[in-house]
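A closer look at the structure
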Amino acid sequence: MKEQFYAYIQNLQDQICKGLEAVDGQAKFREDLWERPDTSAGLSTGGGGGRTRVIENGAVFEKGGVNISAVHGKLPEAMQKMFNVGEADFFACGLSLVLHPKNPMVPTVHANWRYFEMYDTSTSLSTSSTSLSTSSTSLSTEPRKVVQQWFGGGQDLTPYYLFEEDAVHFHQTCKTACDKHNPEFYPKYKKQCDAYFWNAHRNEARGIGGLFFDYCKENEDMSMQDWYNFVTEVGNSFLEAYVPIVEKRKDLPYTAENRTWQEIRRGRYVEFNLVHDKGTLFGLKTNGRIESILMSLPPHVQWVYDHHPEAGSEEEKLIKVLENPKEWL
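The present account deals with the structure reproduced in this document. (Residues numbered from 1 in each chain as written. Predicted model: local features only at pLDDT ≥ 70, side-chain atom pairs only at ≥ 80, totals over all residues. Heavy atoms only, no water.)

What follows concerns empty space enclosed by the protein. Going through the model one piece at a time under the given rule, you end up with three cavities of 30 Å³ or more. Considered as a void within the structure, the largest cavity measures approximately 960 Å³ in volume. Asn112, Arg114, Gly279, Thr280 and Phe282 are, among the 49 residues lining the largest cavity, the residues nearest its centre. Take the lining of the largest cavity: its biggest share by element is six residues, from strand E4 (residues 89-101). Residue composition of the lining of the largest cavity, by class: 22 nonpolar, 19 polar and eight charged. By volume, the second largest cavity amounts to about 100 Å³. Asp194, Ala205, Gly207, Ile208 and Gly209 are the residues nearest the centre of the second largest cavity, which is lined by 13 residues in total. (1 Å grid on protein atoms, 1.4 Å probe; cavity = no way out; pocket = protein on both sides within 12 Å on 5 of 7 lines; lining within 4 Å. Points joined across faces, edges and corners; volume = space filled by probe spheres on them. Helix = DSSP H or I, 4+ residues; strand = E, 2+ residues; numbered from the N terminus. Nonpolar A, V, L, I, M, F, W, Y, C, P; charged D, E, K, R; others polar.)

Scanning the model with the defined rule gives 24 salt bridges in all. With its nearest N and O atoms 3.7 Å apart, the salt bridge here joins Asp32 to Arg289. Of this pair, Asp32 sits in strand E1 (residues 30-35) while Arg289 sits in the loop between helix H8 (278-285) and helix H9 (290-293), and the two are 257 residues apart along the sequence. Look at Asp32 and you get partly exposed, because its relative accessible area is 23%. For the salt bridge of Asp166 with Arg249, the shortest nitrogen-to-oxygen distance reads 2.8 Å. In this pair, Asp166 sits in helix H3 (residues 164-179) while Arg249 sits in helix H6 (residues 238-249), placing the two residues 83 residues apart along the sequence. (Salt bridge = Lys/Arg side-chain N within 4 Å of Asp/Glu carboxyl O. Buried < 20%, exposed > 50% of the residue type's maximum accessible area, 1.4 Å probe, protein only.)

The next thing to look at is the packing of aromatic side chains. According to the stated counting rule, one finds 24 aromatic pairs in the structure shown. Between Trp113 and Phe238 the ring centres are 6.2 Å apart and the planes differ by 75°, which places this aromatic pair in the edge-to-face class. A residue pair is termed long-range when its members are at least 10 positions apart, and Trp113 in strand E5 (residues 108-119) and Phe238 in helix H6 qualify at 125 residues. Judged by relative accessible area, Phe238 falls into the buried class, the value being 0%. Just above the ring of Phe91 sits the side chain of Lys2; from NZ or CZ to the centre is 5.0 Å. Just above the ring of Phe163 sits the side chain of Arg249; from NZ or CZ to the centre is 3.9 Å. (Phe/Tyr/Trp six-rings, centres within 6.5 Å; stacked < 30°, edge-to-face > 60°. Lys NZ or Arg CZ within 6 Å of the ring centre and 35° of its normal.)

Attention shifts here to H8. Taken as a whole, H8 has its buried residues at Thr280, Phe282 and Gly283. What you see down the axis of H8 is that its buried residues fit within an arc of 160°, all on one side. Next to the buried residues of H8 lie helix H2 (77-83), E4, E5, helix H7 (256-275) and H9. Directly after H8, the chain includes Asn287, whose backbone phi takes a positive value near 60°. (Arc of directions from axis to C-beta. Contact = heavy atoms within 4.5 Å.)

For E5, the buried fraction is high: 11 of the 12 residues fall into the buried class. A loop of six residues connects E4 with E5, the two strands running antiparallel in sequence. The sheet contact formed by E5 and strand E8 (residues 146-158) spans 12 bridges and is antiparallel. Along E8, the bridge assignment pairs Tyr115 with Phe151. (Pairing = 2+ DSSP bridges.)

Okay, the pairing of strand E11 (residues 209-216) next. Within E11, six of the eight residues are buried, which leaves the element mostly enclosed by the surrounding structure. Note that E8 and E11 share six bridges and pair antiparallel. The residue bridging Gln155 from the neighbouring strand is Leu211, located in E11.

As structure tokens, then:
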């Protein structure tokens with residue numbers, strides 16, 4: 001499964017980057033290949049690496065990244081407590097993306113699709129070694145005893161100005177992908193998204209949601225191949241969910257005041273990623289590449305003391321929706 005999914009996210013990264021470059025029309029993604037050290041800070045063995053692609057200062061995208069990685073090693077103690085397990089070896093791979101457009105009328109978007117395995121520690125860790133020194137990745141196929149495996153992921157939208165038709169389009173695309181596999185998936189994973197992307201210290205949502213699913217394990221209804229088919233269906237729907245919104249809004253006029261509001265709201269995005277986000281925590285706790293982990297942060301942000309939007313304004317309209325997650329469909 002890990003070879004199958006890693007091959008998928010390599011191809012998906014290529015497709016998404018190509019589609020976004022076409023929308024931007026100016027900037028291109030910069031690519032960095034990186035390797036995770038075999039030894040560091042309590043990690044006696046392990047490794048892996050990734051392919052980070054970042055776009056900056058484009059006609060449409062002020063900053064964004066579309067990253068893939070495959071890492072493995074001894075599960076750090078902090079993560080053992082999170083997963084409620086003892087000593088274990090792990091393998092994790094995934095694609096993660098965040099795009100911060102320049103125009104405040106275009107929403108920020110985030111998406112992530114990932115796969116995780118844990119192994120019986122009696123088998124050698126070296127058998128899951130990963131070579132990522134080039135853009136072509138070779139994962140060893142030597143067998144290990146997998147004791148846990150699951151998929152996770154999702155995609156969600158963070159607008160600065162609310163266009164309800166855009167919210168409906170994004171959620172409808174998510175629902176269409178889900179319904180091909182189980183009609184219960186969209187309402188379930190939409191609800192989980194609203195709950196997960198909640199800035200508890202602000203008592204508001206980060207954005208208008210989408211899908212969030214995690215710990216998708218084999219059960220009587222779904223094999224791991226079934227889960228793979230579902231997760232890749234959602235991944236394949238990303239460009240269809242986001243690009244039409246970008247194309248519709250990227251040339252709308254905006255003022256300096258609109259831009260200020262965008263930067264204040266970006267501050268809330270930063271707060272969520274640094275305070276609550278499990279993916280950021282996992283990367284930091286497993287000796288991940290810091291530039292790739294924090295590429296999700298926008299380049300220009302403001303924190304204004306005790307800021308409140310004007311009553312009856314478009315800005316207040318957004319806040320009211322964020323305080324009470326809405327059923328868009």
